[in-house]
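# Chains, contacts and geometry: an overview
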Amino acid sequence: MLRTEALRSNRRRQNAPIPKIAFLAGWVALLAIIPVIYILIRALAGDTELWQRIIQTRLIKLLSNTMLLVLTVTAGTTLLGVSMAWLTERTDVPGRKIFRWLLALPLAIPPYIGAIVHLALLRPRGGLLSQWMEGINLPSIHLPNPTGFWGAAFVLIIFSFPYVFLLSGAAFRSENASYYESARMLGRTPWQTFWQVTIPAIRPGITAGALLVSLDILSEYGTVALLRFETFSSAIFVQLAGRYDRSAASILSGVLILLALIILYGEFRTQGRAQFTQIGSHWRPATLIHLGKQRKWGFLALFFTVLVSFIIPMGLLLFWSTQGILDNQTFTGMQIGSRGLASFIFNSVWSSGLAAFLAVLFSIPIAIYVVRHPGKVSRLFSRLSQVGYAIPGVVVALSLVMLVNRFLPFLYATPLVVVMAYVVRYIPQAVRSSESAMRQLSPNLEEASRLLKRNAIQTFIQVNLPLILPGLLTGSALVFLSSLKELPATLLLRPAGYETLAVRVWIWSEEGFYFQAAPAALLLVFISIIPLYFLLRREAIFKQ
Amino acid sequence: MKLEIEKLSKHFSGNQHPAVDNITFLMPAHEILSFVGPSGCGKTTTLRLIAGLERPDQGIIRLDRYIISDAHTFVPPEKRNIGMVFQDHALFPHLSVFNNIAFGLRGFSKAEKKDRVSELLKLVGVEPLAKRFPHVLSGGERQRVALARALAPEPVLLLMDEPFSSLDAHLRLEVREQIRNILKVSQSTVIFVTHDQEEALFMGDRLVVFNQGKIEQIGFPETIFHDSGTRFVAAFMGESDFVSGKSNPTGFQTELGLLEQQNDYSTGTDVEIAIRADDIDFQVNNQGNGKIINRFFRGAFNFYRVELDSGEIVHVYKLHTEIYHPGERVMTYFNAGHPLKIFAR
C-alpha cells in the first residue's frame, strides 16, 4: 500500500496537456514577485554615485545594526521560547495548562505597542517607574536606558518568543514516549537522552520558528523607530517619508531584500525536514519530568515571562484607557474631525478582512497545483508566491507606491493600495495553510467524484472546498491578524484621512498622548485575540 | 464484448520500466475479472487507465464498442460511466451515507433519488445507516457503502481497487462473500484488483495474472492454479517449490526419484518441476535424500520444510499427529496422483 502511494505521488504526467490550474497558479506567482523584482531592478538601476555614497556612509552601519539585532533577537526568542515550551510540555510545573495559553497571548500585542509601554515605564526622566520610585522615596537607582540596541532587542524578544514557543511546544508534544524509552533502554541517562534524542527531534521545528522570527525582525519598523535603533527598515522609512528619496530607498531596499531572501531560502530548506515530528497513530505522550523542589523556580520563570510580556502591558493599557475615557478633554481628543474609534475599527477590520479573503482566494490555485501536480515547476510557483515573507512592510510600500503610480494611477491614494500591500506581504501564510489543507485530502476523493460524473470545477466546489474550508479559515485568520497589526506599509500608503487603529495608536503615542492612544491599542489587542483564539484552538498543544 | 484493451502501454517518467507494457485482453459483460500480481506489477495502473484517471501512452480502450481512449480520443472519467471502489473507500467525509450514495445520481428527481438510494441501501444491507456519516461506520460498513455509491448510477463497468485490503483478516472473508453475491445479483461487469492470490481465485470468474507490466496468463481460476502457463504463475499463484530434473523417455529423473509422466521434451533437456506441499511425501530414513529443517504447526496439519541434499528446498504436509524433528534425515518422494507442471530451464 505505502509503496504504491509513494509511486503515485512521484508520477508526472508525460503526455497529458499542461493542467489549466498551472496557468492560474502562474499568474498568482507572478503577481506575488512583481514587487520584489521591481525593487531589485530599481536598486540595480540606481545611480553609481548614489550607490557609492550609500556604501561609504550608510551600508556598513545599517548592515551591522540590522544583523546584530536579528541575531540577538533570534537567539533570545529561541532560548526563551524553547525553555517555556519545555516547562509547559515536559515538566510537572503547576498551572502549565493555563500558562500554555498565557504564553501565546503576546501574539495579539504588536511589538510597537509593547515598545510604547516599555518606553513609558522606563524613560529616564518622567518614566512611570522612576516617578513611582521618587514617590515612595526610594534612593534613586540607575535604571537601564530603555532605548537603543538592548531596549529594542528586549522588546522584540518579549513579543516574538511565542512563535518559537508554539512551534517547539508542538514538536515536544509530538515526540513519542517510545523514543525516550528506547534511548533509556539503550543506556542513556535522562540528560543524555534530552540532548541526543529530544533536541535533534524537535530541531526542525525550532529552526523553522527561529528563521520566521528573524524575517519578522528584519521587517520590524515601529519598535526600532520608537526606541531609536536604526536598522534597514527604519532607514528606508525615513528616506521615503522624510526625504522623499526613492532612489536611495530602493538601493537600501534591494540590499535588505537580498538579506531576507537568503534567510527565506534557509527556511524553505528546513521545511521539508520539519516533517518528522508528526503525531502518528501509536503516539503516546512523553512522561513528565518531576521537578521536585525546583517546581517553584519553574513556576516563577513562567509567571515572570507572562508578567512582562502580557500582564504589565495589558494592565498599563487598561489603566491609561480608564484615565483617558474618564478625562473629558482626552476623550474628545479621540475624535479626528467627525470620525472616532468606531471608524478606526471599521477601517482596520474591512481592510484586513478583504486582504485575508483575497490572499486565501489567490492561494487556492497554488495549493491545488503544487499538491496535485508535484514537480519542479509547481514547487517553484509555490515558493515564488511565498516571497512576501522576505519583503518588509516598508519595501512593499515603496514598490507599490512606484508601481501603482506608474501602472494603476487610478488606484493611487485609495485604501485599496493598503489592502494590496497586506496581500503581497501576507499571502505566504495563506499559501502554507491552503497547501497543508490540500495535502490532508486524499486524491481518491477527487477521483471518486470524477467517476461519479463531476468535472474538475464541480469536484472542487462540491468535494474539495467543503473539506479544506477549515484550512482556508486558518489561513485567513493568520492574514487577518497580521494585517491588523501591520504598521509601516499602512502609514506610508494610506490616503490622507484614512485612519486605522494601528495608525492612530502610533501617531498618538509618537506625540506622547498615551491616554488617548491606550483605548485604540486595547481595542487592537482585543480584536486580534479573536483570530488568535481561533488559530490557537487548532494547535496540537491546546488539544487533548 | 464489453471491454476491449488493445496494446495498452503507460510509462511514468523517472521509472526505469514501463508500468503497463503493451497489454491486450477482452472481457464479456457480467463477468468478474480478477487482476492479480505482486505490488508494482501494473494491475492498478491498468485499472486507472481504464477509469480515465491516467492517460495511456499508447493503445486503445473500447467500452461497449465505443472508443474511450486512443491516440486521438480521451474521454474524461466523468463521461465514461464507469464506477470505482477505492482501496481507502474514498467516502466523502462531509456527506452522510445517503448523500454519498446519491452523489452520482445526477439528473434524478428527489423522489427518484430516494428510491434508488434505498434500493441500494437494501442491496448492500446497510438501511439503518442512511443518516450516519462515514467516520462513525465500521470498516465493513464503509466497504458496502462505497460499493453502493459506485453501483448507484448503474455503471457499465465497475472497478474495484484492492477493496478489502483495509479490513481485518476475519472480516475480509465474510465481506468478500457478501460482496461477491451482491455483484452477481446486480449482474455487474467487474474488474477486481488484488495482490492476494487466494482472494483473486475466490472473486474472479476469470483471472488475469500480471508481472512487470505484462500479462502472464489469463484464464479460469482452476486453470491458473492447476495448469499454470509460466513458472512465475506457478510460483506466485500456487506457492510452488521447484525441483530440477532431466527429461528421459519415461518421464523426468529428479532427486526425488523418477516422475513418470507424459513428456514432450527431448531426452536430456534440463527442466524444473513445480511441486506443491501436497504433491510429495516423506518417510524418516537415514539413507534418505534430504533432512528436515523446520516444522510449522498449523493446527490441522504439520508443515515441514525439507532441504534436499542438492540444497533445493521443498515443503511437505503431514497430519497434525505426525511429528518429526529438525535434523532427522528423510526420504522424499512423489505422491501427486495428477500430472505436475514442467518448465524448461
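Look a little higher up for the structure.
In this report, we go over the structure that sits alongside the text. (Residues numbered from 1 in each chain as written. Chains lettered and ligands numbered in written order. Predicted model: local features only at pLDDT ≥ 70, side-chain atom pairs only at ≥ 80, totals over all residues. Heavy atoms only, no water.)

## With respect to the overall build of chain A
When helices and strands are tallied, chain A shows 23 helices and zero strands. Taken over C-alpha atoms, the radius of gyration comes to 25 Å for chain A, in line with the 24 Å a tight globule of 544 residues would show. Taken across its 544 residues, chain A has 55% of its residues classed as buried. Across chain A, the fraction of contacts at a sequence separation of at least 24, relative to all contacts at a separation of at least 6, is 83%. Accessible area of chain A: about 25100 Å², with a carbon and sulfur share of 66%. Computed over 47 positive and 22 negative side-chain charges, the inter-centroid distance for chain A is 9 Å. (Helix = DSSP H or I, 4+ residues; strand = E, 2+ residues; numbered from the N terminus. Rg over C-alpha atoms; globule rule 2.2 N^0.38 Å. Buried < 20%, exposed > 50% of the residue type's maximum accessible area, 1.4 Å probe, protein only. Contact = heavy atoms within 4.5 Å. Areas by Shrake-Rupley, 256 points an atom, 1.4 Å probe, with all protein chains shown as cover. Lys, Arg positive; Asp, Glu negative; His and termini not counted. Charge placed at Lys NZ, Arg CZ, Asp CG, Glu CD.)

## Side note on the interface of chain B and chain A
The interface is formed by 36 residues belonging to chain B together with 28 residues belonging to chain A. Taken together, both faces of the contact between chain B and chain A bury some 3000 Å²; the carbon and sulfur share is 55%. Together, B:Glu78, B:Phe103 and B:Arg106 form the three largest contributors to the area buried by chain B at its contact with chain A, with a combined 21%. At the boundary of chain B with chain A, the tally comes to two salt bridges. A:Glu447 serves as the salt-bridge partner of B:Arg48, at 2.7 Å between the closest nitrogen and oxygen. (Buried area = accessible area lost by both parts, 1.4 Å probe. Salt bridge = Lys/Arg side-chain N within 4 Å of Asp/Glu carboxyl O.)

## Here's the deal with the sheet that holds strand S17 (residues 301-308) of chain B
All names here are of chain B. On the basis of which strands lie adjacent, the open sheet formed by five strands has the order S15-S19-S16-S17-S18 and antiparallel pairing. Edge strands, defined here as strands with exactly one partner in the open sheet, are strand S15 (280-284) and strand S18 (313-319). Strand after strand, the sheet turns through a mean of 45 degrees between neighbouring axes, direction not considered. Sheet analysis places S15 next to strand S19 (residues 329-334), joined by five bridges and oriented antiparallel. Directly across from Gln 283, in S19, lies its bridge partner Met 331. (Pairing = 2+ DSSP bridges. Axes fitted to C-alpha atoms, helices over the stretch in contact; angles between N-to-C directions.)

## Side note on the sheet that holds strand S20 (residues 342-344) of chain B
As a general point, the strands of a sheet are linked pairwise by backbone hydrogen bonds and lie either parallel or antiparallel. All names here are of chain B. The sheet built from five strands is open, its strands ordered S13-S12-S11-S14-S20 with antiparallel pairing. Of all the strands in the sheet, the pair left with one neighbour each is strand S13 (257-260) and S20. For this sheet, the mean angle separating the axes of adjacent strands, direction not counted, is 40 degrees. In this structure, strand S14 (residues 270-275) lies alongside S20, joined through three bridges in antiparallel fashion. The residue of S20 that forms the bridge with Ile 273 is Ile 342. Together, strand S11 (241-248), S14 and S20 form the strand contacts of helix H8 (residues 231-238), whose direction differs from that of S11 by roughly 145 degrees.

## Some words on the packing of helix H3 (residues 48-90) of chain A against helix H7 (residues 148-174) of chain A
All names here are of chain A. Packing of H3 against H7 leaves a shortest axis separation of 6 Å and a crossing angle of 40 degrees. Between H3 and H7, the crossing angle belongs to the class labelled oblique. With respect to the hand of their crossing, H3 and H7 are arranged in right-handed fashion. (Parallel < 35°, antiparallel > 145°, perpendicular 65-115°, else oblique. Left-handed = near helix turned anticlockwise from the far one by under 90°.)

## Some words on the pattern of salt bridges
Applying the stated criterion to the full structure yields 30 salt bridges over all chains. Residues A:Glu435 and A:Arg439 are paired through a salt bridge, measuring 3.4 Å at the closest nitrogen-oxygen approach. In this pair, A:Glu435 and A:Arg439 are both assigned in helix H18 (residues 415-439), four residues apart and thus about one turn of the helix distant. When its relative accessible area of 9% is taken as the criterion, A:Glu435 is described as buried. A salt bridge links B:Arg231 to B:Glu272; its shortest N-O distance comes to 2.6 Å. Of this pair, B:Arg231 sits in helix H8 while B:Glu272 sits in strand S14, and the two are 41 residues apart along the sequence. Since its relative accessible area comes to 37%, B:Arg231 is described here as partly exposed. Overall, B:Glu272 belongs to the buried group, its relative accessible area being 12%. The structure contains a network of salt bridges with shared partners spanning A:Glu89, A:Arg100 and A:Arg173.

## Considerations on the side chain of A:Thr500
Residue and element names in this part refer to chain A. Of note, Thr 500 is situated in the loop between helix H21 (488-493) and helix H22 (501-510). Thr 500 gets classed as buried once you look at its relative accessible area, which sits at 2%. For Thr 500, the contacting residues outside a window of four places in its chain are Phe 344, Asn 347, Ser 348 and Thr 490.

## Remarks on helix H23 (residues 514-537) of chain A
Its 24 residues give H23(A) an end-to-end C-alpha distance of 33 Å, which sits within 8% of 34 Å, the value for a rise of 1.5 Å per residue. Maximal helix bending in H23(A) amounts to about 30 degrees, located at A:Ile530; proline A:Pro531 follows within four positions. (Expected span 1.5 Å × (residues − 1). Bend = angle between axes of the 7 residues up to and from the residue.)

## Considering the nonpolar core
A:Leu69, A:Leu493, B:Leu3, B:Leu157, B:Leu159 and B:Ile191 are the most contacted members of the largest nonpolar core, which has 203 residues in total. At 14 residues, the largest contribution of residues to this core is made by H7(A). When neighbours within four sequence positions are excluded, B:Leu157 is seen to be in contact with B:Leu3, B:Met27, B:Ile50, B:Leu63, B:Asn81, B:Ile82, B:Gly83, B:Thr189, B:Val190 and B:Ile191. Counting residues in hydrophobic clusters, the runner-up holds 33 residues, among them B:Ala102, B:Leu105, B:Val117 and B:Leu137. (Core = buried A, V, L, I, M, F, W, Y, C linked by side-chain atoms within 4.5 Å.)

## Describing the environment of B:Glu312
All names here are of chain B. In this structure, Glu 312 sits in the loop between S17 and S18. For Glu 312, a relative accessible area of 18% gives the class buried. Ignoring anything within four residues of it in the chain, the contact list for Glu 312 reads Phe 242, Val 243, Ser 244, Glu 255, Val 306 and Glu 307.

## What to know about the environment of B:Phe108
Residue and element names in this part refer to chain B. With respect to the helices, strands and loops of the structure, Phe 108 is situated in the loop between helix H2 (97-102) and helix H3 (110-124). For Phe 108, a relative accessible area of 35% translates into the label partly exposed. Along the backbone, Phe 108 and Phe 225 are 117 residues apart, and their C-alpha atoms lie at a distance of 45 Å. Excluding anything up to four places from it in sequence, Phe 108 contacts Lys 113 and Arg 116.

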